[in-house]
Amino acid sequence: YPFSAGVRGTTLLLAAATGSAFVLQPTLNAILSADRAFSVAPRCASRSRSCRKQNNIQMNGFGGGFGKAPPKNGANTKKGANKNARSSASAKPPVTENAAELQQQAAAIDVQKVLDAIDDEQDPFWQLIEPLILSEFAQQDVTRVLGFIQHATGRKGLPADIIADKWRPHGDIHAFMEDIPASPFRDTSTFPFVAELEDRYADIQAEFQALLEHEQDRFQSVTSMNYDSGWKTLVLYFNGHSIDNFPYHRCPVTSSILSKIPIAGRIAGFNRQAPSSGIPLHSDGNNMWLTCQMGIQVPQGKAWIRVGPETRRWQEGKCMVYDTTFEHETFNESPDIERVVLHIDFWNFVDLSPTEVRAMQRVYELREMFLRAEGLIETGDKL
C-alpha cells in the first residue's frame, strides 16, 4: 500500500475500539505529517476487481471486494516496504514527566505494535475487525458474524445451493451469513413495522409532498449504476444512520417509524421513478439485508418489480418486502405519472439474533469510519 492507505483508518479503528482519544493525537499527527511526502492517492483493496466507483462504495458499505490488493503501477508494494515509513511516522514522542503525555506515549507504542503486524498486501480493516468484534461480543453469540468475516475475506466459500441458484447471481454476493432462509418476497406480516407504515400511509404521503415542495434539490442518484431513466432518491437515512442537518421536522411520522427499524448500510428514503422507465436487471450482494417498499404515488396497475421469477405491482399504502440478492428489475409503464415508493433497507432481524444485528451494525460503523479516514467514501453536499 501507499503509506496513506490504511494507516489513518487503522488508527481510528483502534481509537474507536478503546474509546481513547489520546490514541489519535500523537499517532495521527505523525501520520498526517508523513503523508505530505507521498503523492500516491489512497486506493481500496479488492480481491477480484479493481477499486469500484465512488458511488458503489456508498451503496454496499464496504467499497467493493475485499482481501488482497493488486499492486498499483509505480507503487512500492513489496511486503514490509511501508513499515519503515510507519515506524518513522509513528516515532515515539519526546520523553516527558507529564502523566497525560506519558499515557499518550504508551498508546502510540501500542498502535505501533499493531501497525507493525499488518500485512501490507492485505486490507488492514479485515486484519483488525475480527478481534475488535470479539472484544465487544461473546464468541458464542457471534459465530455467524465471524463466518461472515471469513466469507468476506475469501477464507470460506459460498454454499453449493447458493451457487446453483440461477435467480441469485452468486458472483455479486459480497456479504454473506449462513443459515438465512431465502425467498424473493417475504411475508410482510413477519415484520411489525409494516403494519405501522400502512396505518400511517396518509401522513407519510403528506410528508413526502412537503419534502418534495421544500427539499427538491435533495433528490439524487445514490448508486454506481447508470440510471438514465430518472431514478432518484431523497435520502432519509444513509449507511444505517440519520443525516446531520436533515429537516426531519418536515417528516415526523416517517422519521419516527424509521427510528424503530434497524436500518441497514444502504439507504432509507423516497424513491422516484420517471414515467416509461425502469431500473435495469441487477442484484445486490448482502443476504443479511431485506428491502421494504411502500407505494406512495403509484399509477394504478402500471408499475411493477420482478424479483427472481416473481413479478408484483406496487399499490399505494401497501408494502412489499423482498430479498435483493435475487436478480430484480422494475418498470413504470405509465406514460405520464411518476412512481414513488418509500424505500427501506433494513437488517433482517427475523433471521438474525438481536446480538448479531448489533454486531453487524458495529462492523458497518467501523468500516464506514475506516473508509472516511482513508478518503474513500463521501456522502455529498445534498445528503
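Residues numbered from 1 in each chain as written. Predicted model: local features only at pLDDT ≥ 70, side-chain atom pairs only at ≥ 80, totals over all residues. Heavy atoms only, no water.

Caption draft 1: Examining the pairing of strand β11 (residues 339-347) more closely. Counting buried residues along β11, 9 of its 9 residues qualify, which places the element largely inside the surrounding structure. Along β11, one buried face is formed by Arg 339, Val 341, His 343, Asp 345 and Trp 347 and the opposite face, lined by Val 340, Leu 342, Ile 344 and Phe 346, is buried too. Pairing of strand β5 (residues 263-273) with β11 involves 7 bridges; the strand directions are antiparallel. The residue of β11 that forms the bridge with Asn 271 is Val 341. Where strand β6 (residues 289-297) lies against β11, 8 bridges are found, and the strand directions are antiparallel. (Buried < 20%, exposed > 50% of the residue type's maximum accessible area, 1.4 Å probe, protein only. Helix = DSSP H or I, 4+ residues; strand = E, 2+ residues; numbered from the N terminus. Pairing = 2+ DSSP bridges.)

Caption draft 2: Inspection of the packing of helix α6 (residues 124-134) against helix α12 (residues 354-373) at higher detail. The N-to-C vectors of α6 and α12 enclose an angle of 145°; their axes lie 11 Å apart at closest approach. Both α6 and α12 take part in a crossing whose hand is right-handed. Here Pro 124, Phe 125, Trp 126, Ile 129, Leu 132 and Ile 133 of α6 lie close against α12, whose contacting residues are Ala 359, Arg 362, Val 363, Leu 366, Arg 367 and Phe 370. Looking at side-chain class alone, the contact of α6 with α12 contains 10 nonpolar, no polar and 2 charged residues. (Axes fitted to C-alpha atoms, helices over the stretch in contact; angles between N-to-C directions. Left-handed = near helix turned anticlockwise from the far one by under 90°. Contact = heavy atoms within 4.5 Å. Nonpolar A, V, L, I, M, F, W, Y, C, P; charged D, E, K, R; others polar.)

Caption draft 3: Local environment of the side chain of Ser 255. Considering the arrangement of structural elements, one finds Ser 255 in helix α11 (residues 252-258). Engagement of the side chain of Ser 255 in a polar contact is seen with the backbone oxygen of Cys 251, the distance being 2.8 Å. With residues up to four places along the chain from it excluded, the contact list for Ser 255 reads Tyr 237 and Tyr 248. (Polar contact = N/O pair within 3.5 Å; in protein donor to acceptor, adjacent residues only side chain to side chain.)

Caption draft 4: Broad picture of the sheet that holds strand β7 (residues 303-307). Here we have 3 strands laid out as an open sheet, ordered β8-β7-β10, and antiparallel in their pairing. A strand with exactly one partner marks an edge of an open sheet, and here the two such strands are β8 (310-313) and β10 (328-332). Taking each pair of neighbouring strands and ignoring which way they run, the sheet shows an average axis angle of 15°. Pairing of β7 with β10, which is carried by 5 bridges, proceeds in the antiparallel orientation. Note on β10: the bridge partner recorded for Ile 305 is Thr 330.

Caption draft 5: Spatial organisation of the packing of aromatic side chains. Within this structure, the stated rule accounts for 16 aromatic pairs. With centroids separated by 5.1 Å and ring planes inclined at 80°, the aromatic side chains of Phe 193 and Phe 346 adopt a geometry described as edge-to-face. Taken together, the residues span a long stretch of sequence, with Phe 193 in helix α9 (residues 192-199) and Phe 346 in strand β11 at a distance of 153 residues. Members of the aromatic cluster, each reached through a chain of ring pairs, are Phe 125, Trp 126, Phe 148 and Phe 370. Here the basic side chain of Arg 168 rests over the ring of Phe 326, its NZ or CZ set 5.0 Å away from the ring centre. Directly above the ring of Phe 185 sits Arg 312, whose terminal nitrogen or CZ lies 4.2 Å from the centroid. (Phe/Tyr/Trp six-rings, centres within 6.5 Å; stacked < 30°, edge-to-face > 60°. Lys NZ or Arg CZ within 6 Å of the ring centre and 35° of its normal.)

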